[in-house]
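# Residue-level structural notes
Here's the letter readout for the chains.
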Amino acid sequence: MNAVTTRTTCPYCGVGCGVNAVVDNDAVSVAGDSAHPSNLGSLCSKGTALADTVGLQGRLLHPVVDGRRASWDDALDEVAARFGQIIAEHGPDAVAFYVSGQLLTEDYYVANKLMKGYIGSANIDTNSRLCMSSAVAGHKRAFGEDVVPGCYEDLEVADLVVLVGSNTAWCHPVVYQRIVAAQENDPNKKLVVIDPRRTATAEGADLHLPIAPGTDVHLFNGLLGYLAENGVASDLPGTQDAVAEAHKIGDIDAVAEACGVDRDTVAAFFELFAQTERTVTVFSQGVNQSSAGTDKVNAILNCHLLTDRIGKPGACPFSITGQPNAMGGREVGGLSSTLAAHMGFDAAERVQRFWGSPAIADEPGLKAVELFEAIERGEVKAVWIMATNPLVSLPHADRAKRALEACEFVAVSDCMRHTDTVDRAHVLLPAAAWAEKSGTVTNSERVISRQRSFLPMPGDTRADWDIICDVARRMGFADGFDFDSAAAIFREHAALTAFENDGERVLNLAGLTDLTDSEYDTLKPVRWPIFAPQTLRAAGAMPVAQDSRRLFTDSVYPTRDGQAHLVAVTPRGPANAVSNEWPLALNTGRIRDHWHTMTRTAKSARLAAHIPEPFVEVHPEDAKRYGVADGAIATVSTALGEAHVRVIVTAGQREGTLFVPMHWNDQFAARARVGALANPAVCPISGEPEFKHTPAAIAPFDAAWHGFILASRPLQLAAESSIDYWVKVPGERFYRYEIAGLTTPDAWATTARSWLGVGERTADWLEAVDSAAGRYRAAHMDAGHIEACVFVAPEPAALPERSWLANLFTGEPVDETERIGLLAGRPADPGADPGPQVCSCFGVARNTILRAIDEQGLDSVAAVGEALEAGTNCGSCKPEIAALIAETQADE
Amino acid sequence: MSDNATQPKLDLVVIGNGMAGVRVIEDLLEAAPERYSITVFGAEPHASYNRIMLSPVLAGDKDFAEIETHGREWYVDNDIALYTGEAVVEIDRRRRMVVSESGREIGYDRLLLATGSTPFILPVPGHTLDGVISFRDIGDVHRMVEASEKGGKAVVIGGGLLGLEAGYGLHKRGMDVTIVHLMDTLMERQLDPTAADLLQYSLTQRGLSFRMGAKTAAILGDEAGRVTGLRFDDADDSEIDADIVVMAVGIRPNVELAKTAGLHCEKGIVVNDTMQTYDPRIYAVGECVEHRHSVYGLVAPLWDQASVCANHLAYRGHTQYEGSVTATQLKVTGIDVYSAGDFSDAEGSETLTFSDVRRGVYKRIVLRDDRIVGVVLYGDTRDGGWYFKLMREGADVSAFRDLLLFGQAYLPGAEPVDAEAA
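Residues numbered from 1 in each chain as written. Chains lettered and ligands numbered in written order. Predicted model: local features only at pLDDT ≥ 70, side-chain atom pairs only at ≥ 80, totals over all residues.

### Quick notes on the overall build of chain B
So the rule is basically this: Secondary structure elements are defined from DSSP: runs of H or I of at least 4 residues count as helices, runs of E of at least 2 residues count as strands, and each element is numbered from the N terminus. Only the C-alpha atoms count toward the radius of gyration. The rule for a globule is 2.2 Å times the residue count to the power 0.38. Counting other C-beta atoms within 10 Å of a residue's own tells you its class, since 20 or more makes it buried, 12 or fewer makes it exposed, and anything in between is partly exposed; those C-beta atoms are placed from the backbone.
Counting its regular elements, chain B contains 10 helices and 27 strands. Relative to the 2.2 N^0.38 estimate, which gives 22 Å for 422 residues, the radius of gyration of chain B is 23 Å and therefore close to what a compact globule would have. Projected onto its principal axes, the C-alpha positions of chain B cover 65 × 65 × 35 Å. Within chain B, buried positions represent 46% of all 422 residues.

### A word on the UniProt feature "domain: FAD/NAD(P)-binding" (unreviewed entry) in chain B
We apply this condition: UniProt positions are given in the numbering used here, feature names are shortened, and annotations may be inferred rather than shown by experiment.
UniProt marks residues 11–293 of chain B with the feature "domain: FAD/NAD(P)-binding" (unreviewed entry), using the numbering shown here. In residues 11–293 of chain B, the share of helix is 25% and the share of strand is 31%. The end C-alpha atoms are 30 Å apart.

### Considering the domain arrangement of chain B
All names here are of chain B. Test applied: Boundary definitions for the domains trace back to an automatic or database domain assignment. Contact definition: two residues whose C-beta atoms, as placed from backbone geometry, lie within 7 Å. Residue classes follow a fixed rule: Ala, Val, Leu, Ile, Met, Phe, Trp, Tyr, Cys and Pro count as nonpolar, while Asp, Glu, Lys and Arg count as charged, and any other residue, Gly among them, counts as polar.
Partitioning chain B into domains gives domain 1 (10–118 + 251–313), domain 2 (132–247) and domain 3 (336–410). On a C-alpha basis, the centres of domain 2 and domain 3 stand 30 Å from each other. With seven residues of domain 2 in contact, the opposing surface of domain 3 contributes nine residues. Among the residues making up the side of domain 2 that touches domain 3, the classes are represented as four nonpolar, two polar and one charged.

### With respect to the sheet that holds strand E16 (residues 439–442) of chain A
All names here are of chain A. The condition is simple: Only strands joined by at least two bridges in the DSSP assignment are considered to pair.
The three strands lie next to each other as E16-E17-E18, forming an open sheet whose pairing is antiparallel. Of all strands in the sheet, those bounded by a partner on one side alone are E16 and strand E18 (526–527). Two elements, strand E17 (residues 447–451) and E18, share two bridges in a ladder whose sense is antiparallel. Opposite Val 447, over in E18, you have Arg 527 as the bridge partner.

### Describing the nonpolar core
As a reminder, the rule being used: Only buried residues count toward a nonpolar core: Ala, Val, Leu, Ile, Met, Phe, Trp, Tyr and Cys, linked into one set through C-beta atoms within 7 Å.
In terms of nonpolar packing, the biggest core is built from 363 residues, with Val 616, Val 636 and Ile 709 of chain A together with Val 245, Val 246 and Val 375 of chain B touching the most fellow members. No other element matches helix H3 (residues 105–119) of chain A, which puts eight residues into this core. With residues up to four places along the chain from it excluded, the contact list for Val 375 of chain B reads Tyr 338, Ser 339, Ala 340, Gly 341, Phe 343, Ile 365, Gly 384, Tyr 387, Phe 388 and Met 391 of chain B. Grouped together as the second largest cluster of nonpolar side chains are 49 residues, Leu 12, Ala 20, Val 24 and Ile 80 of chain B included.

### Notes on the packing of helix H17 (residues 368–377) of chain A against helix H19 (residues 397–406) of chain A
Residue and element names in this part refer to chain A. Note the threshold: Inter-axis angles, ranging from 0 to 180 degrees, are taken between N-to-C directions of lines fitted to C-alpha atoms, where helices are fitted over the stretch in contact. Any angle between 65 and 115 degrees counts as roughly perpendicular, while under 35 counts as roughly parallel, over 145 as roughly antiparallel, and the rest as oblique. Left-handed describes a crossing in which the near helix is turned anticlockwise from the far one by less than a right angle; the clockwise case is right-handed.
Taken N-terminus to C-terminus, the directions of H17 and H19 make an angle of 45 degrees; their axes are 8 Å apart at the nearest point. Accordingly, the angle class assigned to the pair H17 and H19 is oblique. Pair H17 / H19 crosses with left-handed handedness. Along the contact surface, H17 presents Phe 372, Ile 375 and Glu 376, while H19 presents Arg 399, Ala 400, Arg 402, Ala 403 and Ala 406. The residue inventory of the contact of H17 with H19, partitioned by class, reads five nonpolar, no polar and three charged.

### Considerations on helix H31 (residues 878–891) of chain A
Threshold: For a helix, the expected span equals 1.5 Å multiplied by the number of residues minus one.
Here H31 of chain A spans 20 Å end to end across 14 residues, near enough to the 20 Å set by a 1.5 Å rise per residue. Considering only its buried residues, H31 of chain A is in contact with helix H6 (168–171), helix H8 (200–203), strand E31 (837–839), helix H29 (846–856) and helix H30 (861–868) of chain A.

### A word on the packing of H29 of chain A against H30 of chain A
Residues and elements named next belong to chain A. Between H29 and H30, the least distance of the axes is 11 Å, while the angle of their chain directions is 105 degrees. As the angle between them shows, H29 and H30 are arranged roughly perpendicular. Residues Thr 848, Ile 849, Ala 852, Ile 853 and Gln 856 of H29 lie in contact with H30, whose contacting residues are Val 864, Ala 867 and Leu 868.

### Remarks on the interface of chain B and chain A
Interface size, as often reported, equals the accessible area lost upon joining of the parts. Contact residues are listed per partner, giving 16 residues for chain B and 15 residues for chain A. Among the residues making up the side of chain B that touches chain A, the classes are represented as eight nonpolar, two polar and six charged. Of the pairings in the sheet, the one linking strand E28 (residues 764–770) of chain A to strand E25 (residues 349–356) of chain B comprises five bridges and is antiparallel in character. Of the residues in E25 of chain B, the one forming a bridge with Leu 766 of chain A is Asp 356 of chain B.

### Concerning the UniProt feature "domain: 4Fe-4S Mo/W bis-MGD-type" (unreviewed entry) in chain A
Look at the UniProt record and you will see "domain: 4Fe-4S Mo/W bis-MGD-type" (unreviewed entry) annotated at residues 3–58 of chain A. For residues 3–58 of chain A, the end-to-end C-alpha separation is 27 Å, with 7% helix and 34% strand making up the annotated structure.

### Examining unusual backbone geometry
Trans is the common state for peptide bonds, and a negative phi is the common state for residues other than glycine. Residues and elements named next belong to chain A. Cis geometry is adopted by the peptide bond preceding Pro 529, which originates at Trp 528 and carries an omega value of 5 degrees. Topologically, Pro 529 is positioned in the loop between E18 and helix H23 (533–539). In the Ramachandran plot, Asn 25 falls in the positive-phi region, its phi being about 55 degrees despite a non-glycine side chain. Within the secondary structure, Asn 25 sits in the loop between strand E2 (18–24) and strand E3 (27–32). By C-beta crowding, Asn 25 is classed as exposed, having 8 other C-beta atoms within 10 Å.

### Section: helix H10 (residues 239–247) of chain A
All names here are of chain A. Applicable threshold: What the arc covers is the set of directions going from the helix axis to the C-beta atoms.
Looking at H10, one finds that the buried residues are Thr 239, Ala 242, Val 243, Glu 245 and Ala 246. One side of H10 carries all its buried residues, which in axial view fall inside an arc of 160 degrees. Buried residues along H10 sit in contact with helix H9 (216–229) and helix H14 (293–306).

### Points about the domain arrangement of chain A
All names here are of chain A. Domain boundaries in chain A define domain 1 (4–53), domain 2 (64–123 + 325–474), domain 3 (133–319), domain 4 (584–700), domain 5 (705–827) and domain 6 (837–891). Placing a centre on the C-alpha atoms of domain 2 and another on those of domain 4 gives a separation of 28 Å. Every contact between the two is made by 17 residues of domain 2 and, on the other side, 19 residues of domain 4. Mapped by element, the contributors of at least two residues to the side of domain 2 that touches domain 4 are H17, helix H18 (390–393) and H19. Considering every element that reaches the side of domain 2 that touches domain 4, the biggest residue donor is H17, with three residues. Here the side of domain 2 that touches domain 4 is built from residues that sort into seven nonpolar, six polar and four charged.

### Regarding the sheet that holds strand E5 (residues 81–84) of chain B
Residues and elements named next belong to chain B. Here we have five strands laid out as an open sheet, ordered E5-E2-E1-E9-E21, and parallel in their pairing. For this open sheet the edge positions go to E5 and strand E21 (282–284), each flanked by a neighbour on one side alone. Between one strand and the next, the sheet's axes are offset by a mean angle of 15 degrees, whatever the strand orientation. Sheet topology note: the strand E2 (residues 36–42)/E5 ladder contains four bridges and is parallel. Bridging from a neighbouring strand, Thr 39 pairs with Ala 81 of E5. Together, strand E1 (10–15), E2 and strand E9 (110–113) form the strand contacts of helix H1 (residues 19–31), whose direction differs from that of E2 by roughly 165 degrees.

Here is the structure:
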């Protein structure tokens, strides 16, 4: 069989990169699609590793009812019957869907249609609530509609890019690389980063404003006042009030004081902004995830509206989304606060007429946090969760856990057999995964791309839209859900966007309403709005019905008065202030090489290798104050829960704040679900939770011992009472567990054999014991192969590097010289130890890079790339390579 | 130091032509070649040979010529008068004369006693029978080799270093060998039970038999006065056949001559830190001495003692002998065993162990106050010398304690050391 290439779209962040997936016999490989306008061939480390994630290990392949494998008929009948029964007894608002930006637009559309048009409730909310809803609300207030006015090209054209609350280098790497590449070619272009943390993104900035958490409105009001004072004026509605409110913050000194940034930095930023017409302000979760999220968005939009920097090349405010199809979800109306196709509940009659549906939701439903509160109270009695893991991702996640445990009926559609959420479902519906699904997604710059299947659906799995339609039919709604393909759903979605749309809604896919199935299959990336089908056909390629790259070029907005509105916003602090008991502000976020709750990225050893453990970043002064040491484990606690994570002491973390990544969960760590710690305070307008600020405390986790295990097979360490801390890190042909315990076991040998599952006394077993020093090391060999090894020491620093040992898990026998040094944990020649991985794309490790820098006199990231390929693919490790070069030079 | 070449030579008499006496002479020739006119008496008929290599000779791995260290020409070349096969029977301290068994009288200004030790013979009935052999000198080796040529059964009493080497040698020469040991584990003074078990297993694999925890009641013989077997002191008075019985149950310092001469002796000839006996003209080194209550049966202390003694004889000021930590290596082909120092789990000591049963490797390092005080290595003794050096130097190992068990290859800073033991 020859290699078959399929053009599809990356399922990770909202950049929406085009991917060429190649299937050659059974081997899958992926590469960036150079024809895709969003990435032009680039991919980040996660995208590059997509082929690692398509394996079937851990997949949910069959329906499960009450813990037992079931037929589709039984499972779907059960869902339809339970929902039907609860609706009949308690009304439509007693049920809910909790869906996801991971769903394709077609999946989203039928889910929304079923809930809002047929069940008749607006209780469908999405995990986009957790990341994007403040931007949605801010856009609506300013523009009248949830619209991102610019495109990625603007980031390259701009003379100034301001990144607010966005670790773009890690979270949207391809967009970041586009910015960096443009700036490298033009030294006059500037990059400003506004973030309490000195992230990898901030490392590369011309100016970094490490503002105090929650002071974005203070800063942008200050900027608005500064601009007004310097003669910038606008006659847009709301300008006067917004500027008047902004002036209250005071002069630059006052702004600097309020934001906790030095005056010169603030002044430099204001001046740069004031003087640079072509400015794009990119904002992301650091802005959105706040109890003042919507106000923060409008504080930014105000500055762009006042300076008329919108709808112009290189000038616009730019919300970038976290999920691959957060935008598509917003477009179909998958949030409980909108109805459908960018229409609100005031359009209920129109939408019902379009659908011909028996019912219609006429008021907003429950937003994510409220929804789980309602489940806990028993008001919502049945919930269907699709493609998301709320027990990890919601704030106050332990309450969400209790809510699901108490819920009468929980259905979960997922592609994984075990997640924290899946493990609490009554009915499990096996959904197709990325490589098997077909439909469309919309990215952050309004580009709709086809996601195409290139692998067959395994086991009993089905497409989400197919599952939803089947349940709808079983609930008696055959008429509205008689779809035989994703294409058919897409056509209806497109038609709804165009339905009675005389220009009052920017979202308009009129040009796509009568795509044939084959046109749908071959659809090239297309940016909305799309008005003219004829032109699309004629072009046969990237449709250029009109230049849709920039909106509002004519300054006409989808508001009642046709104008954009400035919104007066008043600065306010986070909902819950720090206190004596909880003196630190806990911030959460993503890391470079993991995605959401790791169900996918944890399948890729090279991704897991970048940052293997959940961690907390702590400022050196705080570390001293609270007695936590770099590399040790700490307990991070809030009023709601606690987590045990590894300490990273870094001056890049703002004093008084902590950062814990959002990804780890009960499948991969004993206790690192940071959602369980996050306060459920929400923005009153958007309902988006305040993930970026929860009052917290940190204390040492008093481990009596630390250790790690490498094993060729997964182990059941959660059941081991002697282990109080564990993290599971998937490797290439092994599993790595970082472990620690509060008490020292009486007999290490017995305990270790239990951990490694080695019962027989005659097993080939190597052991090195130094009881007095608290050191224990053992390895289990079988026929010359290493099966597992365990290393224990009183301090983490006393443990050897894992990488050399990990490289013994090759599937080949361990040779005698390696065996002799196995329990030393490293080869006799230190030069042979590659150290931790830096470049995930090419698997280049730290010591390899250091040696090359030293031996070949490499003095730039480019030179390292030339020599080792490191950093030459996605480039997201470039800051780390630069740091290694700096470190080497400092040593000399 | 002044040049003594112009001064008249002093007479040095050395009693004992073994390794200790010869080593002192060597060191002395190096330090003060013109100071002494030297006479050596040896009770054995040979020039000097390396006694610690007797086991390989017995096992047939080496022949006698290979272990001879100093041929007669060496004595001639260095102007040393050598009397072999001639034991000294009297020391006349008043006249400063020694008298040999042939009546030869030689005067001395300085006298060095290097009389060594004698194998201990269990005083059980039958211990004088023909075929009861000790394992001490080349003569014993010849007797065993001769006996083995007829094949048959050999019983070795003593599961210590020498007993095992004797047993292994006889086994290699075709005898059916049983090692009889009073204790429950072999080489209990050098090995911990784990290593001892591994060793016993290996030797059993090679065809040796063992009677552990067995006390000998009597050696049995025929009417011709030849050994026929052994009876044990156990509940049923069990017996075992034997064509020869090798006694390897320890050594006794040879102190008779010194005692007769009125020198203070306890277990051995008591010496001070400059290796002088109670008569300051008389020095003593080697297995015959007792220093600070210790008697040594290994070669390394002997080198240390010889160096101090020679230094003092050369008037080179006071280096002092402060006792030795000792190391042992079993000379059985293919079985590497190394032990040094104190490896008991004494109060205040900390133990590091390594085991790889499949590869037959076991290591035990005992630390006190971050310093090595004892080492047992089984199966992989490459680092024995290095550990021993660290132990002797009292080196603080805390900086690399985690890698200590894995040896010198992991610590590139440390100088390589050759294995050194007896």
